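# Descriptive structure summary
This is what each chain is made of:
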Amino acid sequence: MRIVIIGGGIIGAALADRLTGGTDEVTLVEQDRPGAGASGASFAWLNANDPGDPAYHSLRVAALGAWRRLAGEFGDPGWFRITGNTAWADTDPVKAVLSERVARLSTLGYAATLITADRLRDIEPSLRPPAGAVIAHYPGEGYVHGPDAVAALLGRARDAGARLVTGTPATRLNLRGERVTGVRLGTGDDLHADLTICAAGRHSPALLASAGVVLPLVDAEAAGSSAPGLTATTTPAPGLVNGVVHSPGLDLRPTPGQGLVLEAADLDDATDLTSSPAELDARAAELLDRARSLIPGLTARIEKVRRCVRPLPADGRPLAGRHLPGLYTAVTHSGITLGPHLADLIAADLRDDEPALAPYRPGRPIRAQLASAHAGPLFGYSGG
Ligand SMILES: Cc1cc2nc3c(=O)[nH]c(=O)nc-3n(C[C@H](O)[C@H](O)[C@H](O)COP(=O)(O)OP(=O)(O)OC[C@H]3O[C@@H](n4cnc5c(N)ncnc54)[C@H](O)[C@@H]3O)c2cc1C
């Protein structure tokens, strides 16, 4: 079978890696460079930290297992780290939310525990310990550094025979009757395919519209949209932060290059597609100020600030399945966490209907449940 995958983010890369190596011919088309979209700018916290929907929580737990297996195949790469995640709350309502979350996650068998300030000092000695905070620790969580993970997955796919076409977009889906037969490229060439997989992230609705398919994503262009977000990375700050940290007003984690990735729910929410470069720089400076308050020894500077757009399904859940003969869509929120597991499930789905994907079919009735990409004031990125 000739398979064309549109999009070189974590979803397209995981699919290319998963689907190459057998008898199928796999081609991946990326309009820019691999990792240029959300996957390259993501906070990229690996987690199943939201117990609200037990079935979705289980999907995410399985996704953490898929990452551990995959990273093992790459021999403990620097871009995959199970460092643990520490989160704390300093106001009564949020303390109650955090305590309840830990209790519910524990009931589900997920590694979650409340710890003392002394224990926090052991885990993250450089951070200024919060007085009187409720502190949670999740030892099974960590991060995947998106750009490096995408590069590794696509490198392995290419070694196994996949073809990569970069620097030109798929401008439309080609149709014969009801069947999608491939894509037209920006060069004017047609790529023929028995199966076209749309993994174009936030740009998926535009591509699918060329075949009359509607994909229910949150509109990134709308005023106040929760799809656009903001992360900043710093110059190296070696040894100052060991794992993922969610503190009031700032989330942070290390990078493989010993810098830090910074994000904050309020600054992310304030960012939309109209935010000017000066506003983005001001938000990055604010992130750095917050980081310096949290880490007294921090002297690093902002290296890069990135506005990026989440592919955000209107109900926050993955969209995976066929729309038309020859056309499959794979678009999700939390794609860093879910990518390799979704790729495994989709590979199974292409052979035979995969029951684990039944709740996530693109044709399901979707109510817009997701007011924000964040689950609350405490947790920054929610894992939702
Ligand atoms: C600020 C922020 C923080 C986040 N934090 C987390 C987190 O902590 N944990 C987590 O799990 N997830 C997180 N996410 C979400 C996660 O990053 C995304 O779900 C994931 O990266 C989506 O991957 P993707 O491959 O679907 O999309 P993308 O990475 O956007 O990739 C899509 C690719 O398709 C290409 N493309 C688009 N249209 C075309 C076309 N017509 N032709 C060819 N190529 C095309 C684009 O150039 C792009 O490279 C976060 C996202 C943001 C923005």
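Computed from a predicted model, the values in this text were never measured in an experiment. (Residues numbered from 1 in each chain as written. Predicted model: local features only at pLDDT ≥ 70, side-chain atom pairs only at ≥ 80, totals over all residues. Heavy atoms only, no water.)

What follows is about the UniProt feature "domain: FAD dependent oxidoreductase" (unreviewed entry) in the protein. In the numbering used here, UniProt assigns the feature "domain: FAD dependent oxidoreductase" (unreviewed entry) to residues 2–348. Helix and strand shares over residues 2–348 are 33% and 27% respectively, and the end C-alpha atoms of the span are 17 Å apart. (UniProt positions renumbered as here; feature names shortened; annotations may be inferred. Helix = DSSP H or I, 4+ residues; strand = E, 2+ residues; numbered from the N terminus.)

Our next topic: the site of the ligand. Looking at the ligand, there are 35 residues lining it, with Glu 30, Ser 39, Trp 45, Gly 335 and Thr 337 nearest. Expressed as a share of its isolated accessible area of 1,000 Å², the protein-covered part of the ligand is 98%. Among the secondary structure elements, those contributing two or more residues to the shell around the ligand are helix 1 (10–19), strand 2 (25–30), helix 2 (38–41) and helix 10 (335–351). Sort the elements by how many residues they give to the shell around the ligand and helix 10 lands first, with three residues. Broken down by class, the residue content of the shell around the ligand amounts to 16 nonpolar, 15 polar and four charged. Both of domain 1 (2–44 + 147–218 + 313–360) and domain 2 (81–142 + 221–309) provide at least three residues apiece to the shell around the ligand. (Near = heavy atom within 4 Å. Areas by Shrake-Rupley, 256 points an atom, 1.4 Å probe, with all protein chains shown as cover. Nonpolar A, V, L, I, M, F, W, Y, C, P; charged D, E, K, R; others polar. Domains from an automatic or database assignment.)

According to the domain assignment, the protein consists of domain 1 (2–44 + 147–218 + 313–360) and domain 2 (81–142 + 221–309). Each of domain 1 and domain 2 was reduced to a C-alpha centroid, and the two centroids are 30 Å apart. With eleven residues of domain 1 at the contact, the number on the domain 2 side is 18 residues. Buried area between domain 1 and domain 2, both sides added, is near 1,100 Å², and the carbon and sulfur share of it is 56%. When the buried area of domain 1 at its contact with domain 2 is split by residue, Ala 41, Phe 43 and Arg 202 rank highest and sum to 62% of it. Our enumeration of links across domain 1 and domain 2 arrives at one salt bridge. A salt bridge links Glu 221 to Arg 202, with the shortest nitrogen-to-oxygen separation between them at 4.0 Å. (Contact = heavy atoms within 4.5 Å. Buried area = accessible area lost by both parts, 1.4 Å probe. Salt bridge = Lys/Arg side-chain N within 4 Å of Asp/Glu carboxyl O.)

For Glu 30, the location among the structural elements is in strand 2. Buried and without a salt bridge, Glu 30 has Arg 33 as its closest oppositely charged side chain, separated by 7.8 Å. There is a polar contact of 2.7 Å between the side chain of Glu 30 and the backbone nitrogen of Gly 8. Residues within four places of Glu 30 in sequence aside, it is in contact with Gly 7, Gly 8, Gly 9, Ala 36, Val 165, Thr 166, Gly 167 and Thr 168. (Buried < 20%, exposed > 50% of the residue type's maximum accessible area, 1.4 Å probe, protein only. Lys, Arg positive; Asp, Glu negative; His and termini not counted. Polar contact = N/O pair within 3.5 Å; in protein donor to acceptor, adjacent residues only side chain to side chain.)

Across the protein, the average pLDDT comes to 94, with 95% of residues at or above 70. Note that pLDDT drops below 50 for residues 375–384; the model gives that stretch 46 contacts with residues more than four away or on any other chain. (pLDDT = per-residue confidence, 0-100.)

The sheet built from eight strands is open, its strands ordered 6-7-5-15-16-17-14-18 with mixed pairing. Among the strands making up the open sheet, the edge pair consists of strand 6 (113–115) and strand 18 (302–309). For this sheet the average axis-to-axis angle between neighbouring strands, irrespective of direction, equals 20°. Judged from the three bridges that link them, strand 6 and strand 7 (residues 134–138) form a sheet pairing that is antiparallel. (Pairing = 2+ DSSP bridges. Axes fitted to C-alpha atoms, helices over the stretch in contact; angles between N-to-C directions.)

It is worth spelling out the packing of helix 3 (residues 54–73) against helix 10 at this point. Between helix 3 and helix 10, the least distance of the axes is 8 Å, while the angle of their chain directions is 85°. Regarding the angle of helix 3 to helix 10, the classification is roughly perpendicular. Counted together, Tyr 56, Leu 59, Arg 60, Ala 62, Ala 63, Leu 64, Ala 66, Trp 67, Arg 69 and Leu 70 of helix 3 and Ile 336, Thr 337, Leu 338, Pro 340, His 341, Asp 344 and Leu 345 of helix 10 form the full contact between these two elements. (Parallel < 35°, antiparallel > 145°, perpendicular 65-115°, else oblique.)

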